[in-house]
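Inside the fold
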Amino acid sequence: QVQLVESGGGSVQAGGSLSLSCAVSGGIRGVNCVGWFRQAPGKEREKVALLTTPSDSTYYADSVKGRFTISRDAANNAVNLQMDGLKPEDTAMYYCAARPDAFCSSSSQTRQFSYWGQGTQVTVSS
């Protein structure tokens, strides 16, 4: 019943910016936690940024802290990820996911997210 659709991926030069959007069907009111994850070839899927929707509390992975910003776009029923100062190591498939059963926390694991989008590719060249 929850559907997530990512958009905004593309190819940019190092140091550039991209804005990703995760549209949540039916609005985000009933979803407690929405997160952005990424997975590069040969690597495990890692959480990038999390947003607890009722309070707008956020979490960021150390690797993106200070460069990425997750936010709620209530008017468009979406959660955005603004990515600045992109690095080649940011290259990955980026996924949006939702966890309706609990608020986000630093210990949230990928397996605890029930709903996933199809992903959007982000490629950063040097």
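Note: the structure precedes this text.
All of the points below concern the structure found in this document. (Residues numbered from 1 in each chain as written. Predicted model: local features only at pLDDT ≥ 70, side-chain atom pairs only at ≥ 80, totals over all residues. Heavy atoms only, no water.)

**What to know about the overall build of the protein chain**
Scanning the protein chain for helices and strands turns up zero helices and 11 strands. Counting from the amino terminus, helix and strand elements in the protein chain follow one another as β-β-β-β-β-β-β-β-β-β-β. Taken over the C-alpha trace, the protein chain has a radius of gyration of 13 Å; the compact-globule value for 126 residues is 14 Å, and the two agree within 12%. For the protein chain, the spread of C-alpha atoms along the principal axes amounts to about 40 × 30 × 25 Å. Within the protein chain, the proportion of its 126 residues that are buried is 41%. Contacts in the protein chain between residues far apart in sequence, at least 24 positions, make up 58% of those at least 6 positions apart. When the accessible area of the protein chain is evaluated, it comes to approximately 6300 Å², of which 44% is carbon and sulfur surface. Computed over 11 positive and 10 negative side-chain charges, the separation of the two mean positions in the protein chain equals 4 Å. (Helix = DSSP H or I, 4+ residues; strand = E, 2+ residues; numbered from the N terminus. Rg over C-alpha atoms; globule rule 2.2 N^0.38 Å. Buried < 20%, exposed > 50% of the residue type's maximum accessible area, 1.4 Å probe, protein only. Contact = heavy atoms within 4.5 Å. Areas by Shrake-Rupley, 256 points an atom, 1.4 Å probe, with all protein chains shown as cover. Lys, Arg positive; Asp, Glu negative; His and termini not counted. Charge placed at Lys NZ, Arg CZ, Asp CG, Glu CD.)

**Comments concerning the pairing of strand β11 (residues 120-125)**
Side-chain alternation along β11 places Thr 120, Val 122 and Val 124 on a buried face and Gln 121, Thr 123 and Ser 125 on a face that remains uncovered. Here strand β2 (residues 10-13) runs beside β11; their pairing, made up of four bridges, is parallel. Directly across from Gln 13, in β11, lies its bridge partner Ser 125. Note that strand β9 (residues 92-99) and β11 share three bridges and pair antiparallel. (Pairing = 2+ DSSP bridges.)

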